[in-house]
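# Observations on the model geometry
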Amino acid sequence: MTIDWFTVIAQAVNFLVLLWLMKRFLYKPVLHAIDQREKGIAEELSKAETQKGEAQKQKEEYDQKKEDLNRQSAVFLKKAQEDGQAERQRLLEEARDAAEVLSTKRHEALVMEEKSLRNEVNQRIQKEALAIARKVLKDLAGASLEEQMVGVFTQCLGNLDDMEIKTLTTALKTQPGKITLRTAFDISRELQITIEDSIQKIVQRKPEVNFEAVPELISGIELSVNGQKMSWSVADYLSSLSEGFEDLLKVKVR
Amino acid sequence: MRLSPDELIFLDYGFVKLNATIVYTWGLMLILVVGSMIITRKLSVTQTRSRWQNLLEILITGIEKQIEEVGLPHPRKYINFLGTLFLFIASASLFTIIPGYEPPTGSLSTTVTLALGVFIAVPYFGITEQGLGHYLKTYIKPTFIMLPFNLISELSRTLALAVRLFGNMMSGAMIIGILLTISPFIFPIIMTMLGLLTGMVQAYIFSILAAVYIAAATRVRKPKAETAKA
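Residues numbered from 1 in each chain as written. Chains lettered and ligands numbered in written order. Predicted model: local features only at pLDDT ≥ 70, side-chain atom pairs only at ≥ 80, totals over all residues. Heavy atoms only, no water.

### Quick look at the overall build of chain B
Definition in use: Per the convention used, a helix needs a DSSP run of H or I reaching at least four residues, while a strand needs a run of E reaching at least two, with both numbered from the N terminus. Each residue's exposure class comes from its accessible area (1.4 Å probe, protein chains only) as a fraction of the maximum for that residue type: buried when under 20%, exposed when over 50%, partly exposed otherwise. Whether two residues are in contact is decided by their heavy atoms: any pair within 4.5 Å suffices. Per-residue and other accessible areas follow the Shrake-Rupley method at a 1.4 Å probe size, with only the shown protein chains counted as cover for residues.
When its secondary structure is counted, chain B shows eight helices and two strands. Counting the 230 residues in chain B, one finds 42% classified as buried. Taking the contacts inside chain B whose residues are at least 6 apart along the sequence as the reference set, 65% of them involve residues at least 24 apart. Put simply, chain B shows about 12800 Å² of open surface, and 73% of that area lies on carbon and sulfur atoms.

Below, the structure is given as structure tokens:
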């Protein structure tokens, strides 16, 4: 149990060597590793903090943008609604105008139709009336309707006042051509002579009369000299009947 | 009956003797250094690390914390000396589980060496920390009458360190040796376990005392008023 001084010296050397080796191979690398890790963790943490800050900033930015977008979209929506309303109004007005035009056209078409119908009715009435009159006259007096009409016409000629006679003679004088007499039917030579005689009585000279048959006249006689016209027609008698029909149709159209 | 591994001599050249203490110390050194080299060869600085690296880190940070708790604010300055002391004494005790091994700390020569190391290290750290003048002044405080007592205290505590460790380690080995002759089964195993515990406690005591002595020598004494304020 004594102290061996050589062992003491040897152990001191051993211990110093151990100190150096442990420092070299244990403490330095391990402490370095710990430090590095701590540094790494601190860096990670600070990075995370920075990223968090950035994320927060970005979030705020996005929130702001979202809010702006919402506001913008609200504005756009309102504008779109207003535009839509205006467009609707415009379309409605257009449609109304179009409907009005259509209605006007239809009305015009109806009026036209009415007019043509009326004309047709007039003509039919005239024809029928004439046919009836002709038949009645024929049955009653044995004379043809044409004769009666010529008779009436000559009577009319005879009843002309001075003013009318003057106009007629003046027209005849300036007109070197023939007098045109239009009838709805071909009249016999006797009737032509009767008419010519009546005219001669008025104008005091033998007229050159050109007889024309125009079926559109229905039943009537028309005398034309140099633009001057003189006529008698069943149409005159039918006008009151026609007016009655017109009134009736107007009521129906309404 | 051998009391110390010093007595087991392998080679003898007069003053120079290669005894078991030196050989076992070399063995311990080899294991400690090679083990450290192997583990620290591939150190990870990321979050994931090997189990062995984890063990070393726990050990080193534990030592660091202990040193700091004793009152040394910068433990890294002292961890090399104090940590190596602890690891050497602890591993010397730990390997007693290997049959035929005798701890080199069971030799008074080794413990004297370690105690002398502390005896030198205390003024070394004291002077580097406080400066020579301030360090020497600590011997005449509170008054110069205390100088001889302080010197005696320095010497006696060094002696105490050496003898304490030697006594404990030697007695442990001795008890096992005696018990083996009386009851060779089971009982020596229990005593070996007890010896392991004693060895660890001794390693702790030795390094903590060394740390306390160093802390006492390096502490810059502040005036009383300032201390009170602090």
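### Let's talk about the overall build of chain A
Within chain A, the secondary structure is distributed over five helices and four strands. Secondary structure of chain A in N-to-C order comes out as α-α-α-β-α-β-β-β-α. Buried residues in chain A amount to 29% of all 254 residues. Contacts spanning at least 24 positions in sequence make up 75% of the contacts within chain A whose residues lie at least 6 apart. Carbon together with sulfur atoms contributes 55% to the accessible area of chain A, which is approximately 17800 Å² in total.

### Focus on the nonpolar core
For clarity, the cut-off: As used here, the term nonpolar core means buried Ala, Val, Leu, Ile, Met, Phe, Trp, Tyr and Cys residues forming a set that is joined through side-chain atoms within 4.5 Å.
By size, the foremost hydrophobic cluster in this structure holds 58 residues, and its most contacted members are Phe81, Leu82 and Val118 of chain B. Those elements that provide at least two residues to this core are helix H1 (5–141) of chain A together with helix H1 (20–41), helix H2 (51–70), helix H3 (79–94), helix H4 (108–130), helix H6 (147–182) and helix H7 (187–218) of chain B. At 11 residues, the largest contribution of residues to this core is made by H1 of chain A. When neighbours within four sequence positions are excluded, Val118 of chain B is seen to be in contact with Phe81, Leu85, Leu161, Phe206, Ala210 and Tyr213 of chain B. Listed in part, the 25 residues of the second largest apolar core include Phe185, Ile187, Ile199 and Val209 of chain A.

### Some remarks on a nonpolar patch on the surface
We apply this condition: Distance thresholds for patches are 9 Å for like charges and 5 Å for nonpolar side chains (Val, Leu, Ile, Met, Phe, Trp, Tyr), applied to residues having over 30% relative accessible area and no salt bridge. For this document, the term salt bridge refers to a Lys or Arg side-chain nitrogen within 4 Å of an Asp or Glu carboxyl oxygen.
Together, Ile3, Trp5, Ile9, Val13 and Val17 of chain A together with Phe10, Leu11, Tyr13, Phe15, Val16, Leu116 and Ile120 of chain B line one region of the surface with nonpolar side chains, adding up to about 1100 Å² of accessible area. Breaking the nonpolar patch down by element, the ones donating at least two residues are H1 of chain A together with strand E1 (9–13) and H4 of chain B. The element contributing the most residues to the nonpolar patch is H1 of chain A, with four residues.

### As for the interface of chain A and chain B
Accessible area lost when the parts come together is the quantity often used to give the size of an interface. The condition is simple: Pairing of N or O atoms within 3.5 Å defines a polar contact, subject to two protein rules: one partner must be a possible hydrogen donor and the other a possible acceptor, and residues neighboring in sequence count only if both atoms are side-chain atoms.
Taken together, the 31 residues of chain A in the interface contact 48 residues of chain B. Inspection of the region where chain A meets chain B yields two salt bridges. The residue Arg76 of chain B makes a salt bridge to Asp35 of chain A at a minimum N-O spacing of 2.6 Å. Applying the counting rule to chain A against chain B returns 13 residue pairs in polar contact (both at pLDDT 80 or more).

### Looking at the environment of Ile190 of chain B
Its place among the elements puts Ile190 of chain B in helix H7. In this structure, the C-alpha to C-alpha distance between Ile190 of chain B and Ile176 of chain B, residues 14 residues apart in sequence, is 9.5 Å.

### Details of the pattern of salt bridges
Residue and element names in this part refer to chain A. As enumerated under the stated definition, the model contains 15 salt bridges over all chains in all. Residues Arg118 and Glu114 are paired through a salt bridge, measuring 2.2 Å at the closest nitrogen-oxygen approach. Of the two residues, Arg118 and Glu114 both sit in helix H1, four residues apart, roughly one turn of that helix. For Arg118, a relative accessible area of 13% corresponds to the buried category.

### Comments concerning the packing of H3 of chain B against H4 of chain B
Residues and elements named next belong to chain B. The condition that has to hold: Note on method: axes are straight lines fitted to C-alpha atoms, helices fitted across the in-contact stretch only, with angles between N-to-C directions ranging 0 to 180 degrees. Orientation labels follow simple angle bins: below 35 degrees gives roughly parallel, above 145 gives roughly antiparallel, 65 to 115 gives roughly perpendicular, and whatever is left gives oblique. The handedness criterion is simple: a crossing whose near helix is rotated anticlockwise from the far helix by less than a right angle is left-handed, and one whose near helix is rotated clockwise is right-handed. Each residue is assigned to one class: nonpolar for Ala, Val, Leu, Ile, Met, Phe, Trp, Tyr, Cys and Pro, charged for Asp, Glu, Lys and Arg, and polar for all the others, Gly among them.
At a minimum axis separation of 12 Å, H3 and H4 run at an interaxial angle of 165°. As far as their axial angle goes, H4 and H3 are roughly antiparallel. The interaxial crossing formed by H3 with H4 has left-handed handedness. Of the residues in H4, those in contact with Phe81, Leu85, Phe88 and Ile89 of H3 are Thr110, Leu114, Gly117, Val118, Ala121 and Phe125. Of the residues contributing to the contact of H3 with H4, the split by class is eight nonpolar, two polar and no charged.

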